[in-house]
Structure formats: structure tokens, C-alpha cells
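Each chain, written out:
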Amino acid sequence: MAMLLKKVWESVSNRASSCSSSSDESLNPPGDALLSSLGAFDRIPIDVVMQIVRLLGPKDAARLSVVCKSWRSLVSDNRLWIYFLQNYHDSWDSVFFAETNLRSGYPIQAYASHITTELSFMRIYGEREQVPGSVIIDGGSGYCKFGWSKYACPSGRSATFLEFGNIESPMYSRLRHFFATIYSRMQVRPSAQPIVVSLPICHYDDTESAKASRRQLKEAMYSALFDMNAPAVCAINQATLALYAARRTSGIVVNIGFQVTSVVPILHGKVMRKVGVEVVGIGALKVTGFLREQMQQNNINFESLYTVRALKENLCYVAADYDAELCKDTKASLEVPGEGWFTLSKARFKTGEILFQPRIAGVRAMGLHQAVGLCMDHCHAAELTGDDAWFKTVVLSGGTACMPGLAERLEKELHGLLPASVCSGIRVIPPPYGADTAWFGAKVISNLSTFPGTWCVTKKQFKRKSRFNLAW
């Protein structure tokens, strides 16, 4: 590659000196040609030259921009840098979504189409390479995923509720213990990089007491991290991050958490608490517990809840038609390491059915489709935008939401429940990255060309009590 760059430089230099010493106008390029010569590469078709530049890679391609105006014009072509970004460690779809919707920070201001075409992806690539990265902690209600933003996936997992320590201890102490544990497992100093923290959406209402509770949690979290010398902190709820992972800034996120399921309307990255966040009293713990009960009723012996979880994750699904499924032979088996083979039949689809018919598990609550339908009714009545398209994308989040058939069943139930004017255009998206969806949403933000920018709060800003409305 070094030899090729040397050849480019020499050929352009020779051509430049030749042009200056000759009075032959035929050596000058036509008016619609490039501003100066590509040297010896003039004899090669331009598409072949572009292929050569692609092979050079982004660093050497960037060096060519200083050779002359012609090479600068050539290597500044957005198509070249889109190619490089497509081979980046983030997917191109995620990169394009982030740079055209999130680069200005919060509140979200999507770029107009004519501005998008004027973006320099060469500059964006360079800026993304300079982004220091961040520590990402997706602190779910049951399980925590953590890792560095430059990693392809989370590097570790732990049970959140075990890491918080004594539940009777003050919030600050529990949070500091939690963050210290994660930093220790990652073997990084808190002062080394910014940190992006996702927390379950909590204190759902728009009442003054709920606002005060959210503020208390927020201040305790910032205080704990800044006392540990974190340089900058970005805190966003899981629902918003799941939406970003699905490359959306508006929609309804259905987050099946450890204890409860939250149905969260989000417009331009902001949770619409005034519209209403619906909460269903069934979460992953109840779903797993119901499968355990069915196994016990059928005299299926197991040694730990881990076995039940493994069976739920590998054998259970949501039926498109529950009554029709009852008449089918649905037996399937799975070998669990250390415990042997297990065979399930109707429990495979009855387990997920409690999300739609909670009474099967003895729970008095709305079905998932009813909660989402009610949320859509509220969004429709609120008339927050000129059209209803913003709330017709439903993104599922959480490990239990990965159950096969759930997205299709929810979409079907919504079409049967809502009037045609509301349900037209509804689309339900399964968790884009499985149980790690919120972590990947944080990764989208962390690798932005403008990060940390306005996404983060610094210690100085925190002390001033400013900019405290970041996506909560």
C-alpha cells in the first residue's frame, strides 16, 4: 500500500511539472473534468480507481486527499465512505440512523432530507474513529449487561438485584456498590471513559410524587458516579434505548421486565408520560414461574430455576391461535447440560399465553394486547402530531419478549381489538438484539461522531443542577 501511495504522489508531481513547462493546451483538462490530474491513474477507468482506493482502506484513502484537488474530490465521495462505514464494527443501518437522527443530541432533531445529502461521511468516519468509547451498563430490573461500546456485544452479565447489596441501605450506597462491582469486573477505572447507563423506566406517572422519585433516583445515580470520578454520564431509560436499537425515535416500546411489563409511548426520544405509561403485572419472573408450576404438575423433576429458564428460552413459544394449538401435538425435547433430557408439550405455548390471558396464571390484569391497545387509544386521542404514524410502530424489549410468535400474535390481536382507523399500519418489531437490545441502543449513542456532546452530563454541570431532562 505504501508503494501505491508513493506511485500516486510521484505520478501527480510529474504531471504537474509537465503541465507547468508545456504550453500545449491539450494537456489541460476540459472544463467539466476534475480540477487537476490523477497523474498516471488518468489512464485507468474511474470505477477501477475507486476499487483501488477501497482496497487501500480508510486511513490511506484519507491521506490521498492531500495529494491534489483531483484526489481530494475523488476520495471525498460519500459513496466511498459509505462503503467503509458498511464494513465498520457497527452496521451501516445503525450508523446512518444515528448520524441522521441523533448527532445533534437530545431533544431529537432529525435532519431534513436535503441536509442529509450534504453530510460528509468522510468527516463522520473520522470523527467516529476519534470517539473515545464509553462504558455501557444496562442495569435491567433482573439482569445487568455491561461492556465497552467498541465491543461487538456485552462482555459480561450479572443479576442486578444481587449486586445492589442490602435493600435497606440508602439508594446512594446501593448504587455506588453496584457501579463499583461492574467497574471491577470490567477491570477499568471509572475515570477512564464516559459511562452510559440504562435503567428500567420507573415511577411511571406524571404526578409530582413520581417526578420527585425519578429526580431522587437520578441525583443518587449521578452523585455515585461522579464521586467515583466518572468524567461524564449519560442516563437513559431502557425503553428509549430499545427504540434507538430498532432505529426509531418514535413509537411504543413494550418492555417485558423482571417483575412487570411496561408499555411506553415515546415521541422524538421523549417518554410521553402525560399520554400514559401502561403497566401489566406480569413479567419474566411470573412467566418462568408459571412454566415451573406446569412442570411440577406434570411430575417433571428439575434441580434449579436455571433449568426452567433454559426450557423457556429454547422450547416455549406464543401460539398464533391458542384454541387451535390445544388440539395439536406440540411435544418437543431439550437436553439441559448436567440434568439430562426434558420433554414439554402444551406447556410450551401455555407459558407465553399468560401474557395475553393472565387469568390462566391466576393474575387479575389486562392482557398485553389490551394494554398496548389502550396506550394507542390514548396516543390517538392526544393528537400530539399531525398524523398517527408515530405510535404505530411497536418495539418489543426484554429477554422474554424474544419468545417466537409473540410479535406476530400481538400484531394480530391489535388488528382485532382496535378500529380500522387506528390499527391501519401497525407493525410490531421483535427485540432487534434479543435480550441485549437496550445495551445495543446505548452502543448506538456511544459511537456517535458527536459523542459525548450534549448526551452527557459532566460533574461541573451536575453541580450547577443544569440539563437534567436527558431522556427520562
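Residues numbered from 1 in each chain as written. Predicted model: local features only at pLDDT ≥ 70, side-chain atom pairs only at ≥ 80, totals over all residues. Heavy atoms only, no water.

- Naming follows an unreviewed UniProt entry, where the protein appears as F-box domain-containing protein of Manihot esculenta.
- In its Sequence similarities (unreviewed entry) section, the UniProt record describing the protein reads: "Belongs to the actin family." (UniProt positions renumbered as here; feature names shortened; annotations may be inferred.)

**What about the packing of helix H10 (residues 171-186) against helix H11 (residues 208-227)?**
Turning to step 1, where the next piece is worked out: Across the interface, H10 lies against H11 with an axial gap of 9 Å and an inter-helix angle of 45°. In terms of orientation, H10 lies oblique with respect to H11. Our pair here, H10 against H11, has a crossing hand that is right-handed. Of H11, the residues touching H10 (which contributes Met-171, Tyr-172, Leu-175, Arg-176, Phe-179 and Tyr-183) are Leu-217, Ala-220, Met-221, Ser-223, Ala-224, Leu-225 and Asp-227. (Axes fitted to C-alpha atoms, helices over the stretch in contact; angles between N-to-C directions. Helix = DSSP H or I, 4+ residues; strand = E, 2+ residues; numbered from the N terminus. Parallel < 35°, antiparallel > 145°, perpendicular 65-115°, else oblique. Left-handed = near helix turned anticlockwise from the far one by under 90°. Contact = heavy atoms within 4.5 Å.)

**Quick word on the pattern of salt bridges**
Turning to step 1, where the next piece is worked out: In the structure shown here, the tally under the stated rule is twelve salt bridges.
Turning to step 2, where the next piece is worked out: Glu-208 is the salt-bridge partner of Lys-211, the closest N and O atoms lying 3.8 Å from each other. With Lys-211 and Glu-208 both in helix H11 and three residues apart, the pair spans about one turn of that helix.
Turning to step 3, where the next piece is worked out: With relative accessibility at 29%, the residue Lys-211 sits in the partly exposed group.
Turning to step 4, where the next piece is worked out: Sharing partners across several salt bridges, the network here consists of Glu-99, Arg-103 and Arg-128. (Salt bridge = Lys/Arg side-chain N within 4 Å of Asp/Glu carboxyl O. Buried < 20%, exposed > 50% of the residue type's maximum accessible area, 1.4 Å probe, protein only.)

**Here's the deal with the environment of Ala-224**
Turning to step 1, where the next piece is worked out: When you line up the elements, Ala-224 lands in helix H11.
Turning to step 2, where the next piece is worked out: Through-space distance from the C-alpha of Ala-224 to that of Ala-180 is 9.5 Å; in sequence the pair is 44 residues apart.

**Digging into the sheet that holds strand S1 (residues 135-139)**
Turning to step 1, where the next piece is worked out: Spatial ordering of the open sheet is given by S3-S2-S1-S4-S5-S14, a layout of six strands whose pairing is mixed. A single partner strand is all that each edge strand has here, and the edge strands are strand S3 (156-159) and strand S14 (457-458).
Turning to step 2, where the next piece is worked out: Two elements, strand S5 (residues 232-237) and S14, share two bridges in a ladder whose sense is antiparallel. Residue pairing across strands places Val-233 opposite Val-457, the latter belonging to S14.
Turning to step 3, where the next piece is worked out: Running at roughly 150° to S5, H11 makes contact with strand S4 (195-199), S5 and S14 of the sheet. (Pairing = 2+ DSSP bridges.)

**With respect to the nonpolar core**
Turning to step 1, where the next piece is worked out: Counting residues in each nonpolar core, the largest one holds 51 residues, and the members touching the most others are Leu-311, Val-372, Met-376, Val-394, Leu-396, Leu-406 and Leu-410.
Turning to step 2, where the next piece is worked out: Sort the elements by how many residues they give to this core and helix H17 (residues 368-382) lands first, with six residues.
Turning to step 3, where the next piece is worked out: In this structure Met-376 touches Ile-252, Phe-391, Lys-392, Val-394, Leu-414, Leu-418, Val-422 and Ile-426, once residues within four positions along its chain are discounted. (Core = buried A, V, L, I, M, F, W, Y, C linked by side-chain atoms within 4.5 Å.)

**Quick notes on the packing of helix H2 (residues 46-56) against helix H5 (residues 78-86)**
Turning to step 1, where the next piece is worked out: Orientation of H2 relative to H5, taken along the N-to-C sense of each, is 35°, at an axis distance of 11 Å. In the crossing of H2 with H5, the sense of the turn from one axis to the other is right-handed. Each of Met-50, Val-53 and Arg-54 in H2 lies in contact with H5, whose residues at this interface are Leu-80, Tyr-83 and Phe-84.
Turning to step 2, where the next piece is worked out: Split by residue class, the contact of H2 with H5 holds five nonpolar, no polar and one charged. (Nonpolar A, V, L, I, M, F, W, Y, C, P; charged D, E, K, R; others polar.)

**Some remarks on the pairing of S1**
Turning to step 1, where the next piece is worked out: Among the five residues in S1, five count as buried, and that is most of the element.
Turning to step 2, where the next piece is worked out: By the alternation rule, side chains of S1 split into Val-135, Ile-137 and Gly-139 and Ile-136 and Asp-138, which are all buried.
Turning to step 3, where the next piece is worked out: Relative to strand S2 (residues 143-148), S1 is paired through five bridges, and the arrangement is antiparallel. For Ile-136, the partnering residue across the bridge sits in S2 and is Gly-147.
Turning to step 4, where the next piece is worked out: Where S1 meets S4, four bridges bridge the pair, whose relative direction is parallel.

**Considering the packing of aromatic side chains**
Turning to step 1, where the next piece is worked out: Following the criterion strictly, the structure yields 20 aromatic pairs and no others.
Turning to step 2, where the next piece is worked out: With a centroid separation of 5.5 Å and 45° between ring planes, the pair formed by Trp-92 and Phe-96 is classed as tilted. Highlighted residues: Trp-92 and Phe-96, both in helix H6 (residues 92-101), separated by four residues, approximately one helical turn.
Turning to step 3, where the next piece is worked out: Among the residues examined, Phe-96 registers a relative accessible area of 33% and is labelled partly exposed. (Phe/Tyr/Trp six-rings, centres within 6.5 Å; stacked < 30°, edge-to-face > 60°.)

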